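# Working through the structure, step by step
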Amino acid sequence: MKHVFPVRVYYEDTDMGGVVYHANYLRYIERARSDWVRNLGNDQNAMREAGIIWVVRRVEADYLASARFDDELLVETEVVANSGVRLTMAQLIRRGETEVFRATVTAVCVNQDGRPIRLPAEIRALL
């Protein structure tokens, strides 16, 4: 199941040359993952209240092309592995047919002490 999330590049996202600042791609893919989880019906606030918190464990990123001020981008998110303890997603940012940014993101759940825990059964069922 692929989730697609639109992003428009605003002036605040760019450097002096009007090119998206490299760290902002991580913000775009984070927004897309948050939207994807919400659309799955997962309430992250309820999880946090229950002592379960999503965290990013690893990000591997490739910058493929420059996005610029006022570009319309699409962030695609797709699960590529689910071990029950960690969730690995492929995320791709496109401008039309041009691939701009690609990342592999590994997320885990931790308890309030920051210790890793198994993904909750209701999350595994959604995936």
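One can find the structure itself at the top, above this paragraph.
Residues numbered from 1 in each chain as written. Predicted model: local features only at pLDDT ≥ 70, side-chain atom pairs only at ≥ 80, totals over all residues. Heavy atoms only, no water.

Another point: the pairing of strand S3 (residues 72–82). In the sheet, strand S1 (residues 2–8) pairs with S3 via seven bridges, with the strands oriented antiparallel. Following the sheet pairing, phenylalanine 5 is matched in S3 by valine 75. Here eight bridges tie S3 to strand S4 (residues 86–95), and the two strands are oriented antiparallel to one another. The residue of S4 that forms the bridge with glutamate 78 is alanine 90. Connecting S3 to the antiparallel partner S4 that follows it, the hairpin turn spans three residues, and glycine 84 within it adopts a positive phi of roughly 95 degrees. (Pairing = 2+ DSSP bridges. Helix = DSSP H or I, 4+ residues; strand = E, 2+ residues; numbered from the N terminus.)

Let us look at unusual backbone geometry. Despite not being glycine, aspartate 70 has its phi angle at roughly 75 degrees, a positive value. Along the polypeptide, aspartate 70 turns up in the loop between strand S2 (53–63) and S3.

Tallied over the entire structure, the rule returns 10 salt bridges. Between aspartate 35 and arginine 38 there is a salt bridge, and its shortest N-O distance comes to 3.7 Å. Of this pair, aspartate 35 and arginine 38 both sit in helix H1 (residues 24–39), three residues apart, which is roughly one turn of that helix. Of the residues examined, aspartate 35 reaches a relative accessible area of 18% and is grouped as buried. Looking at arginine 38, the relative accessible area reads 55%, which means it is exposed. For the salt bridge of glutamate 76 with arginine 94, the shortest nitrogen-to-oxygen distance reads 3.1 Å. One end of the pair, glutamate 76, is in strand S3; the other, arginine 94, is in strand S4, and 18 residues separate them in sequence. Classification of glutamate 76 by relative accessible area gives buried; the value is 14%. (Salt bridge = Lys/Arg side-chain N within 4 Å of Asp/Glu carboxyl O. Buried < 20%, exposed > 50% of the residue type's maximum accessible area, 1.4 Å probe, protein only.)

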